[in-house]
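The residues making up each chain are set out below.
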Amino acid sequence: MSNEATASAAAVPKEGTPTKKSSKNPKGNKKNMVVEELPEFVDHRIKVWDELYKKQSEMLAAKPDEDIKITLPNGNEVEGKAWKTTPYDVAMGISPGLARALIVAKVNEKVWDMTRPLEADCSLELCKFDSEDGSYTFWHSSAHILGEALELKYGCKLTVGPPTNDRKGFYYDAYMDGSKQGNISEKDFKELEKRVQKIVKSKQPFNRLVMKKEEALEMFKFNKFKKILINEKVADGTTCTAYRCGPLIDLCTGPHIPTTGLVKAFALTKNSAAYWKGDAKNDSVQRVYGVSFPDKKSMKQHLRLLKEAAERDHRKIGAEQKLFFFDIMSPGSCFFLPHGARIYNKLVSFIRRCYRERGFDEVITPNIFNCELWKTSGHYQNYRDDMFLFETADKEEYGMKPMNCPGHCLMFRHTARSYKDLPMRFADFGVLHRNEKSGSLTGLTRVRRFQQDDAHIFCAKDQIFQEVKGALEFMKYVYDAMGFTFHLNLSTRPDKYVGEIKVWDEAEKQLQKVLETFCSEHKMKWATDAGGGAFYGPKIDIQLEDALKRRHQCATVQLDFQLPKRFGLKFKRSNECIEEPVIVHRAILGSVERMMAVLIEQWGGKWPLWLSPRQVCIVPIAPELIEYAEKVGKILHDRGFYVDVDSSKLQFKKKIALAATSKTNYVLVVGGKEAAASSVNVRTRENKIIGAMTIEDFIGRMQDEIKEFK
């Protein structure tokens, strides 16, 4: 089915549409108003659904009875009937217990409802909750359940309700219309969860409906948000899909779990205000977050991790350790304090050292470009709303650069290139600006001003393998140093793409070969994300996994065949043949700001010595020893370490406690004995006493730890 809408929300009445309200709240307490019966607009929505669903069912029943072959991951083939046999039927044939535990299927590598009939010969993979597609589908369906509860309680206007970006739960945005319902608060959670339990116990099936654009507009005509999504995402003359569970009907691509009964544990976690589409110019909505699992044990474990995540929040630790802050005078642009700048600069210098070892050349490019550049690259046409644009006194339009690749194309084109010049690896830490919507700004993870460890490799087609594999080896070295594990996906040609299919096919084969080789050498696995590539080329998506088992998209390796065409990039072979280079877009840290946030939460503020902004604190046990403490501090400082000397009048125990609170890696206690022997008494951050060491021995210890990224 073509061009299915990507929204996930429920229709609600337009302003002024009456609903059947409870006779409770005689004093007109709008804040706690409860809709005891279904809003009247639901009748219209269900009526349209019933008419269309009946036609769809009749059409499916009339399909010819054709045999199909279904190939399982182990190579076994199962016979079925086109438009009749479902993945659930296949699972039941294997084991009823297996069927009951399944969340979603993958048909020809695309996610598919367990209860949706198969249409032709296909490959079939069955997914449980512990798979990435299984958990994502489970939380997507749980968002619909939350939406149904919100609609039943408030009669509110639902907008969108997807899984969260970190794939650890979901949320739903509801337009409350302040003149009627007021705001949602945590006091409402208990009643909402009770409504959810009723929905779960009723085991409502998720049913899928394909409909035309005009039919969707009629079904959701009472919801201005839904109408916007339909008109934006569904082209004229094409179809979209909706899903129904109970009275809720949601415009949605799916897929979904078979029934609401699979949700055995459900909890609402927090709520906040947000803007429709993240734009402060739009309506304000109430966002309610939740999480769910197929068993209660998983819920307990998750809630424990949530508590730990709150304690590790980079915004909280950043303030406690005086690393950075934000100010309304420059929203989305971080002010890094001295200790924060130490970490930031260490990350950059670490990557710089790696660049030198791996044959990258660092370049510096302008921050502002004439918009003709962005028109050539295509960013102006597709990205201008996310750029900072301005007009000069001569009436020419310029823009702050949101990425480095167009500037690097100018550098490549600046002079004639031959095959002997390739590969050319340009690295750039230039400042980038993106006009992120104010409602989406979130600490260091979503900012307007940032730097990337951005690099673009200009190479010939026969060099793709070596360059992409080199990029993955580089990435592994960095992530190993930081204690991350990571997951790899090959994202292939999307429905909307540019270029020749044969070029795409060859590029995908090369990336697949790289992944097979890399994963074989490192005993890893990789997966395919069918249709997940960029419009200009396939890519390898890398998600790192932190100490709390959360996944973050930071690194990327992308092939680009289109920018060389747009900029007319050429190089000459030895036989005088002229060819276009391929660009490998490559980043490992990604945004340095975002990576810093991830690392703060990875280590909970307990920085490893090599990256720590507070490596040593020297504590003299008496005022007369301050001079010796400062002498030791100067020696360590001159050898490149970050050192503080506590010369305050606080008691000794208080000084030790403060060093521990600041997460300083080592505390050096110096007394008369240490001064006489030119030594220090060493304690770790965990207050483990190592004992007396000479200054040189202690320096050697730290240097060894730093070499090993400890």
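Remember, predicted model here, so these are calculated numbers, not experimental data.

Basis of the calculations
Residues numbered from 1 in each chain as written. Predicted model: local features only at pLDDT ≥ 70, side-chain atom pairs only at ≥ 80, totals over all residues. Heavy atoms only, no water. Pairing = 2+ DSSP bridges. Helix = DSSP H or I, 4+ residues; strand = E, 2+ residues; numbered from the N terminus. Axes fitted to C-alpha atoms, helices over the stretch in contact; angles between N-to-C directions. Buried < 20%, exposed > 50% of the residue type's maximum accessible area, 1.4 Å probe, protein only. Contact = heavy atoms within 4.5 Å. Phe/Tyr/Trp six-rings, centres within 6.5 Å; stacked < 30°, edge-to-face > 60°. Lys NZ or Arg CZ within 6 Å of the ring centre and 35° of its normal.

Comments concerning the sheet that holds strand β6 (residues 122-127)
Thinking step 1. Pairing is mixed in the open sheet, where five strands are placed in the order β3-β2-β6-β4-β5. Only two strands of the sheet have a single neighbouring strand rather than two, namely β3 (77-81) and β5 (110-112). On average, adjacent strands in this sheet sit at an angle of 40 degrees to one another, irrespective of strand direction.
Thinking step 2. The pairing of strand β2 (residues 67-71) with β3 spans five bridges and is antiparallel.

Thoughts on the side chain of T164
Thinking step 1. With respect to the helices and strands, the residue T164 is situated in the loop between β7 (157-158) and β8 (170-175).
Thinking step 2. Look at T164 and you get buried, because its relative accessible area is 14%.
Thinking step 3. With residues near it in sequence (within four places) discarded, T164 still touches G169, F170, Y171 and Y289.

Structural notes on the sheet that holds strand β33 (residues 666-670)
Thinking step 1. Read from one edge to the other, the open sheet built from five strands follows the order β32-β31-β33-β34-β35, with strand pairing classed as mixed. The sheet terminates laterally at β32 (643-645) and β35 (689-694), the two strands that pair on one side only. Between one strand axis and the next, the sheet turns by 25 degrees as a mean value, whatever way the strands run.
Thinking step 2. Sheet strands in contact with helix α18 (residues 626-638) are β31 (616-620), β32, β33 and β34 (679-684), and its direction is about 165 degrees off that of β31.
Thinking step 3. Here helix α19 (residues 652-661) sits on the sheet and contacts β31, β33 and β34; the angle it forms with β31, its principal contact strand, is near 175 degrees.

Quick notes on the packing of aromatic side chains
Thinking step 1. A complete count under the given rule lists 32 aromatic pairs for this structure.
Thinking step 2. Plain terms: the ring middles of Y171 and Y289 are 5.6 Å apart, the flat faces sit at 55 degrees to each other, and that makes the pair tilted. Taken as a pair, Y171 in strand β8 and Y289 in strand β13 (residues 284-293) lie far apart in primary sequence, 118 residues in all.
Thinking step 3. By relative accessible area, Y171 is classed as buried at 15%.
Thinking step 4. Taken together, F129, F138, W139 and F293 form an aromatic cluster joined through their ring pairs.
Thinking step 5. Above the face of the F360 ring, R425 is positioned so that its terminal group lies 6.0 Å from the ring centre.
Thinking step 6. The aromatic ring of Y497 is capped on one face by R493, whose charged end is 5.3 Å from the ring centroid.

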